[in-house]
Amino acid sequence: MSDSGGPDVTQELRLPWDDDPDDLYEHAPCGYLTTLPDGTIVKVNQTFLAWTGYTRGELVGHRRFRDLLSSGGQIFHETHYAPLLRMQDEVHELAFDMVCADSSTLPTLINSVLSRGPAKEPRAIRTTVFNATERRSYENELLDARKFAEDSERRVKVLQEIVADLAAAPTEAEVAEAVVRAPESAFGAASSSIYLVDQERDLVVAVSSTDPTTGDWEDMPRSSPRAVARVAERGDLHVVGSLTEAKRHFPDLVDNMRRSGRNTVVLLPLTTGPTDEHAGAETLGVLAFSFTGERKLSDGELRVVRLLGQQAGQALDRARLYDDLRRREERAIFLARTTRVLDELHRLVPRARRLVERAVPEIADWARLRLAIGTPGILEDAGGPAPDATLLAQAEQRASVACVPVFPQPGDALDCVVLPLTARGRVLGTLSMRMAPDRRGAEAERIFLIDLADRAGLALENARLYEQERQIARTLQRSLLAGELPGGDPRFALETHYQAAGQDLEVGGDWFDAFLINPDRLAVVVGDVVGRGIDAATTMGQLRSAIRALAGDGVGPARLIEGLDRFVERVETGHMATVAYAEVDLVTGELTYSCAGHLPPLLQAPMGPPEFLLDGRSAALGSKAGDTRRTEHRVPLPAGSRLLLYTDGLIERRTRPIDKGFELLSREFARRRDSPLPGLTGGLADLLVGRDHADDVCLLCLSLGSEERMERSLGADRSHIALLRAELRAWLVAHGIEPETRDAVLLACSEAVANAIEHGYRDDPFGQINVVATVTGDAVEVRVADHGTWQGAVADVARGRGLQLIRESMDQVLIDRGEGTIVTMRRSRETPI
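These numbers come from a predicted model, not from an experiment.

Of all eight residues making up strand β6 (residues 191–198), eight are buried, and the element is well covered by its neighbours. With burial as the criterion, each face of β6 is covered, one bearing S191, S193, Y195 and V197 and the other bearing S192, I194, L196 and D198. The pairing of β6 with strand β7 (residues 203–209) spans six bridges and is antiparallel. Looking at β7, one finds that Y195 is bridged to A206.

Set out below in structure tokens:
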């Protein structure tokens, strides 16, 4: 019965032929070996002998199992197979290469079993050997496929990195640097070089290389027979696999390949599209990379190479578009900034100088501007070195006569562009520049340079016209300001100052005037007309004439301003002009003034601080806003007083409040109260304005009390001495007395008056002292007289130091003691008048 309960039929199964156990052993589908524990072969089947080509007699008893293995197999036998077999008594599926009788190798898989005796001693090793040739071939195919996949993955990864780098490279140079590194990492190339096509110059230019000792580093025409130029022209991929192939197709590569030890060279065109679509693809460059051995690229590698060329070409195309856009933007910015900078300068020579300074080094390494304006003309240059003078002069002559730009041609010895500068149909001169090599010859650059020349010509012509108008306006303005002011009257003195704007602005409308209404009445005026240029200067002259015509006896400042209001109704350019007008009675010393929108006059009396005259104010001429009622105000002017009229340019600044300007003017005017009148207004302007200011400045200073003789009477009170000193100082200053002489006279007079108070009127506080001072051409004389009773010798002893100071200060001192005491003092002037 069988295990399943049915009848046992295994005994009834019989093969149609008789089994022979020896035949099964000999012709088994695997090899059988029986060896002793030391590996000596004692039995082997026919299958193994057929596979290896040995005879039984060559193996049995003569060879050990390890002797049939390859060198690597013998090492593995000793280090792995034998130890494992001794420990485990069996090993399975170990791969060995059997060395056949003809020295070929047979890939095999080995299974071995170690049999032991009763005492566990090793007795024999039974081994089965399986032919693994097909399996090994399959495994090799798998390994090759794996390696191919890994290489492909590596190349794709490298290509992806390159594509990412190309996408991030905005300029042609950066794209070239990214592309030239690709072959080494993607294909294991020994070196690589990149060449770009310069379409403007029709050249192929070497740009970058990982090994500058290889390749051709000279620029070559696109029509050159050299390999790189031919590939750039045809747009086809070429793989030069050997020196023999190079000799046949590209002979110029042979020397480089031999010198650098390269056997394979790949010439890859960098195109904007697939290389098989020539109609729409443009070749922008060539990537050449080489290998030290003969390297055959697989179809997959060739596809990656072509893809690299396409990606690099498209990146170059983007970069060139970006470069073109960037250059256009740079040119536009340069033109805009140059126009703005030139507009900031109104004078012709500064504009010419700034133009060449802008050109070098931003767009050129040398520039020269030559203008045929005036005699001997204007010449400005920058950078260097300068080109040949004769060639340059010839080019400038051609550009000026033909009124067309002269651009350098290939091989031109001058190597400069010469641009005619024209404006309103007139050739002003030429602008010559030597451009940087990467900007030379491009059509876009020519358009840019012509635009630059047009703008520069117009800017220079405007500056020339401005200077012409400015000169006319200056001449007109100075002719109006240069009229003779009244003088020669000992009762007053005038000092004026006019300072034009330090910056390159048009002439302004600031002006001053002074005239005698009658022999005893003086008129002074300072005004400011709105606007600039010839119109402002003309209006200034009209207002000046109108004031002289309107002024008269009994008119007064208020009525005169009303007359000016009627005048500006007919002269539109006079609207909103400001005027400070004053009349001085030279007999009584009374000042009558009125300000129509103008800054208040500043009065410095002999004593006390300066005072701004804030009364008599109203709106500007012709104004419809503010207080238009014209009023006037009267103030007394003590002898020695100074009155300052000025325009807003003296104190107004954008960087500070106007109150600060008033404060500075008041302080500096007070500090100069003892300064000579000549140079006073100029000194104030220098201090408060300087020479680089954006507005005109006009000042007029009137000084009163310059009579030849000063007479004062004061009480016997020491507090009156300070008042006397202030008046005497102002009187001396008005006469232009030198500071050393003035100080000596003030000291002597003060000491003499103090002596009279202390000794002449010691017991009489109601006494009176008379002081008389006179000026001659060579001396100052002061007489101090009192009617008191002195104490004789006691007084001399008591006041000995005071008398000593008087004698040391003055050249002559006379003391007359009759009815009272008269001290006469004389001091010679340092500079006689």
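Now that the structure has been shown, the text picks up again.
With that out of the way, let us pick up the sheet that holds strand β28 (residues 768–775). Strands belonging to one sheet form pairs held by backbone hydrogen bonds; the direction of such a pair is parallel or antiparallel. Pairing within the open sheet is antiparallel, and its five strands lie in the order β27-β28-β29-β31-β30. Of all the strands in the sheet, just β27 (709–715) and β30 (812–818) have a single pairing partner and so form its edges. Direction aside, the axes of adjacent strands within the sheet are offset by 10 degrees on average. The sheet contact formed by β27 and β28 spans seven bridges and is antiparallel. Each residue of the ladder has a partner; that of M710, found in β28, is A773. The strands touched by helix α19 (residues 720–734) are β27, β28 and β29 (779–786); relative to β27, the strand with the most contacts, the crossing angle is about 175 degrees. Against the sheet, helix α20 (residues 739–760) engages β27, β28, β29 and β31 (820–828), with an angle of about 10 degrees to β29.

Cis geometry is adopted by the peptide bond preceding P361, which originates at V360 and carries an omega value of 5 degrees. Turning to its location among the elements, P361 is positioned in the loop between α12 (348–359) and β12 (364–371). Positive phi is not limited to glycine here, since D89 has a value of about 70 degrees. Considering the arrangement of structural elements, one finds D89 in the loop between α4 (71–88) and β3 (90–99).

Relative orientation of the contacting elements helix α15 (residues 534–550) and helix α16 (residues 556–570) amounts to 135 degrees, with a least axis distance of 10 Å. Classed by the angle they form, the pair α15 and α16 counts as oblique. When the axes of α15 and α16 are compared, the crossing they make is right-handed. The segment α15 lies against α16, with Q542, L543, A546, I547 and L550 engaging L560, G563, L564, F567 and V568. When the residues that make up the contact of α15 with α16 are grouped by side-chain class, the tally is eight nonpolar, two polar and no charged.

Another aspect to go through is the environment of A748. Here A748 lies in helix α20. For the pair A748 and Q804, spaced 56 residues apart in the sequence, the C-alpha separation amounts to 9.7 Å. Residues within four places of A748 in sequence aside, it is in contact with I806, S809, M810 and M825.

Attention now goes to the nonpolar core. One finds I363, L369, L371, L421, M433, L449 and L460 to be the most contacted residues of the largest nonpolar core, which totals 34 residues. Going through the elements one at a time, α11 (299–344), α12, β12, β13 (378–383), β14 (417–423), β15 (426–435) and α14 (443–481) are the ones with two or more residues in this core. Here this core gets eight residues from one element, more than from any other, and that element is α14. When sequence neighbours within four positions are dropped, the list of residues in contact with L449 reads F407, V417, L419, M433 and M435.

Strand order in this open sheet of four strands is β13-β12-β15-β14, and the pairing throughout is antiparallel. Lying at the two open borders of the sheet, with one neighbouring strand each, are β13 and β14. Sheet twist, expressed as the mean angle between neighbouring strand axes with direction ignored, is 15 degrees. Inspection of the sheet shows β12 paired to β13 by six bridges, in the antiparallel sense. Paired with L371 across the strands is I378, a residue of β13. Contacting β12, β13 and β15, α12 crosses the sheet at an angle of about 25 degrees to β13.

This next bit is on helix α8 (residues 227–234). The set of residues buried in α8 consists of A227, V228, A229, V231 and A232. One or two residues past the end of α8 sits G235, with phi positive at roughly 75 degrees.

All told, the structure shown has nine aromatic pairs when counted by the stated rule. Both rings, one in F334 and one in F448, keep their centres 6.0 Å apart while their planes meet at 65 degrees; by these two values the pair is edge-to-face. Note that F334 is positioned in helix α11 and F448 in helix α14, a separation of 114 residues in sequence. Each of the two residues, F334 as well as F448, counts as buried. Geometrically, the ring pair formed by F612 and F662 is edge-to-face, given 5.1 Å between the ring centres and 70 degrees between the ring planes. Taken together, the positions of F612 in strand β22 (residues 611–612) and F662 in helix α17 (residues 658–671) put the pair 50 residues apart, joining distant regions of the chain. Members of the aromatic cluster, joined through ring pairs, are F65, F76, Y81 and F96. One Lys or Arg, R295, reaches over the ring of F291 and ends 5.2 Å from the middle of that ring.

Turning our eyes to something else, we now look at the confidence of the model for the protein chain. Residues with a pLDDT of 70 or more make up 91% of the protein chain, whose mean pLDDT is 85. Note that pLDDT drops below 50 for residues 793–799; the model gives that stretch 10 contacts with residues more than four away or on any other chain.

What follows deals with the environment of I517. Assignment of secondary structure puts I517 in strand β17 (residues 509–518). Using a relative accessible area of 18% as the deciding quantity, one classes I517 as buried. Note: C-alpha distance between I517 and E583 (66 residues apart in sequence) is 8.7 Å. Once you skip the residues sitting within four places of it in the chain, I517 turns out to touch A523, A551, G552, D553, Y581 and E583.

A few words on the pattern of salt bridges. Summed over the entire model, instances satisfying the criterion amount to 40 salt bridges. Between R544 and D513 there is a salt bridge, with the nearest N and O atoms lying 3.6 Å from each other. Here R544, found in helix α15, pairs with D513, found in strand β17; they are 31 residues apart in sequence, far enough to count as distant. Per residue, the accessibility class of R544 equals that of D513, and both read buried.

Direction vectors running N to C along helix α6 (residues 172–180) and α11 enclose 160 degrees, while the axes themselves pass 8 Å from each other. Taken together, the axes of α6 and α11 lie roughly antiparallel to each other. The chirality of how α6 crosses α11 is right-handed. Of the residues in α11, those in contact with E172, V175 and V179 of α6 are A312, A315, L316, A319, R320 and D323. Looking at the contact of α6 with α11, its residues break down into six nonpolar, no polar and three charged.

What counts and how
- Residues numbered from 1 in each chain as written.
- Predicted model: local features only at pLDDT ≥ 70, side-chain atom pairs only at ≥ 80, totals over all residues.
- Heavy atoms only, no water.
- Buried < 20%, exposed > 50% of the residue type's maximum accessible area, 1.4 Å probe, protein only.
- Helix = DSSP H or I, 4+ residues; strand = E, 2+ residues; numbered from the N terminus.
- Pairing = 2+ DSSP bridges.
- Axes fitted to C-alpha atoms, helices over the stretch in contact; angles between N-to-C directions.
- Contact = heavy atoms within 4.5 Å.
- Parallel < 35°, antiparallel > 145°, perpendicular 65-115°, else oblique.
- Left-handed = near helix turned anticlockwise from the far one by under 90°.
- Nonpolar A, V, L, I, M, F, W, Y, C, P; charged D, E, K, R; others polar.
- Core = buried A, V, L, I, M, F, W, Y, C linked by side-chain atoms within 4.5 Å.
- Phe/Tyr/Trp six-rings, centres within 6.5 Å; stacked < 30°, edge-to-face > 60°.
- Lys NZ or Arg CZ within 6 Å of the ring centre and 35° of its normal.
- pLDDT = per-residue confidence, 0-100.
- Salt bridge = Lys/Arg side-chain N within 4 Å of Asp/Glu carboxyl O.

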